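Working through the structure, step by step
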Amino acid sequence: MPVYIKFSRSMELLGDFDDSVFAESRERTVMKINGYYAKLCHPKWFCEEVNCVDDTEKLTVIKFRGDLAYRHQEYQKALSEYSSCLLLVPKSNLAMRRDLQESQARCLCNLNRHKEAFAISQELRNGVTNTDHLTAVLNLESSIYESTDNVKEQIMCLQQLILLHPYNPWIWRKLAVLYLRLLQTEWTSHSCAFASYEAGLHSDPNRVLQQRRLSVKRSSKLCEADILIPTSNSRTFKKETIEKDLCCFDKREENQPLECKIEDCEDERGLTDVGEKDITVIESKFVKELVLRACASFIRARLLLQLVKMQQSSFVLKKNCDVEDEIEDHLKVSGLETETVKQISEIMGEDLTPEKIRDETQDVEKCETDDAGYSQPSSKITAVHVFEEKWFKRLKGCL
């Protein structure tokens, strides 16, 4: 018996195909694609005579020549190449012009032409329009101040950088090292000033030397622990004692005759008793504040390194672990108690939560750039004040 199947309209629609589907396909013409031949450049190709097709390639060649000269520490030659390249860059290409001006400033800095380097950095600061511009300017100024051994100004630059990049552990670590250098520099200058003051009160050479030794003995008591100071030629650290630096003059004068020993001088303090006591109190507070700031910066750097530790491997992880060990050595010799270190860690790590990190990262362009300052004369002072209020105000209770 035959079976009849009734199709609904919906089924008819599903089975309805366009006639073009069953039509013969059109012939497609295959276009022949020419092979792509990449430009092969041998090492230092830009040092030879190059026939440049356009201005962009010509600028690239000159810029590379300058970069190679800078790498070889031929700063005068590099400066000449950068200057030639800058003349060819159109004024509309602000990024390239700023890059070349910064390169010029770094060459001038290495040539000990610091005034010219500062002039260029100020011109770049006046043209700052975003966070990246300001970051580059602050890094440049920090390098110039480092070249002139101006530790205080370099610290101010790093403080402004931290306002822009509060989660960069390397800036915090460098700031901590600078606090230790400032401690060593100021300590030595304070000791020399006190010795000069005593020299003015006593014209007797033997008496002057005796009082100087008393000053050294007084100063050395304020910091009995070693302080880790970075070497100038490498990134490794070594232990140095401030007492050793303060006593350096004693070795130069040890051959001079003395009428009495230093123990005998302790009973002849007369004119210097009150002044020495006052200066000791001031220096003691000064030392404690600098040590506290250095340790707080080290702790902040360690917390930030630990924050990203799970995402790292290989040589990056090893480098970070080495830095953490280095920071631990600094904290051990700082003289701070374990409870104090714990309290500082809580204060410096309050913002290290996912929610706060996300919120602050989103607001950094809008808020922190103004705090760090652009080109106003008072912007640096304002930025330092903001930094102090934000990071170190609450640490005073740890003294």
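Residues numbered from 1 in each chain as written. Predicted model: local features only at pLDDT ≥ 70, side-chain atom pairs only at ≥ 80, totals over all residues. Heavy atoms only, no water.

1. Structural notes on the overall build of the protein
- Check the secondary structure of the protein and you find 17 helices and 2 strands.
- Split by element, the accessible area of the protein, about 25400 Å² in all, is 53% carbon and sulfur. (Helix = DSSP H or I, 4+ residues; strand = E, 2+ residues; numbered from the N terminus. Areas by Shrake-Rupley, 256 points an atom, 1.4 Å probe, with all protein chains shown as cover.)

2. Some words on the side chain of Gln159
- By secondary structure assignment, the location of Gln159 is in helix H7 (residues 151–164).
- The residues contacting Gln159, other than those within four sequence positions of it, are Leu175, Tyr179, Val384, Phe387 and Glu388. (Contact = heavy atoms within 4.5 Å.)

3. Side note on the nonpolar core
- In this structure, Trp172, Leu175, Tyr179, Ile344, Phe387 and Leu395 are the most contacted members of the largest nonpolar core, which totals 67 residues.
- A per-element tally of this core places helix H13 (residues 273–307) first, with 12 residues.
- Contacts of Leu395, omitting those with residues within four sequence positions, involve Leu292, Ala296, Ile344, Ile347 and Met348. (Core = buried A, V, L, I, M, F, W, Y, C linked by side-chain atoms within 4.5 Å. Buried < 20%, exposed > 50% of the residue type's maximum accessible area, 1.4 Å probe, protein only.)

4. Brief notes about helix H15 (residues 338–348)
- Of the positions making up H15, those classed as buried are Thr340, Val341, Ile344, Ser345, Ile347 and Met348. For H15, the buried positions fall inside an angular range of 165 degrees around the axis, keeping them on one side. Away from its buried face, by an angle of more than 90 degrees, H15 presents the exposed residues Thr338, Glu339 and Glu346. (Arc of directions from axis to C-beta.)

5. Structural notes on the pattern of salt bridges
- What the rule picks out here adds up to 13 salt bridges.
- The salt bridge partner of Glu328 is Arg302, with a shortest N-O separation of 2.6 Å. Remark: Arg302 occurs in helix H13 and Glu328 occurs in helix H14 (residues 314–333); sequence separation between them is 26 residues.
- For Arg302, a relative accessible area of 14% translates into the label buried.
- Among the salt bridges present, the one from Glu389 reaches Lys393, with a minimum N-O distance of 3.3 Å.
- Since its relative accessible area comes to 40%, Glu389 is described here as partly exposed.
- Where salt bridges share partners, they join Lys63, Asp67 and Asp99 into one cluster. (Salt bridge = Lys/Arg side-chain N within 4 Å of Asp/Glu carboxyl O.)

6. Comments concerning unusual backbone geometry
- If you check the backbone angles, Gln73 has positive phi at about 65 degrees while not being a glycine.
- Residue position: Gln73 is located in the loop between helix H2 (55–71) and helix H3 (75–88).
- Backbone geometry places Ser314, a non-glycine residue, at a positive phi of 60 degrees.
- Structurally, Ser314 can be placed in helix H14.
- Judged by its relative accessible area of 55%, Ser314 falls in the exposed class.

7. A closer look at the confidence of the model for the protein
- For the protein, per-residue confidence averages 74 on the pLDDT scale, and 63% of positions sit at 70 or higher.
- When mean pLDDT is taken per element in the protein, helix H4 (residues 94–110) scores highest with 96 and helix H12 (residues 262–265) scores lowest with 37.
- In this model residues 214–275 is a low-confidence stretch, pLDDT under 50, and it forms 96 contacts with partners more than four residues away in sequence or in other chains. (pLDDT = per-residue confidence, 0-100.)

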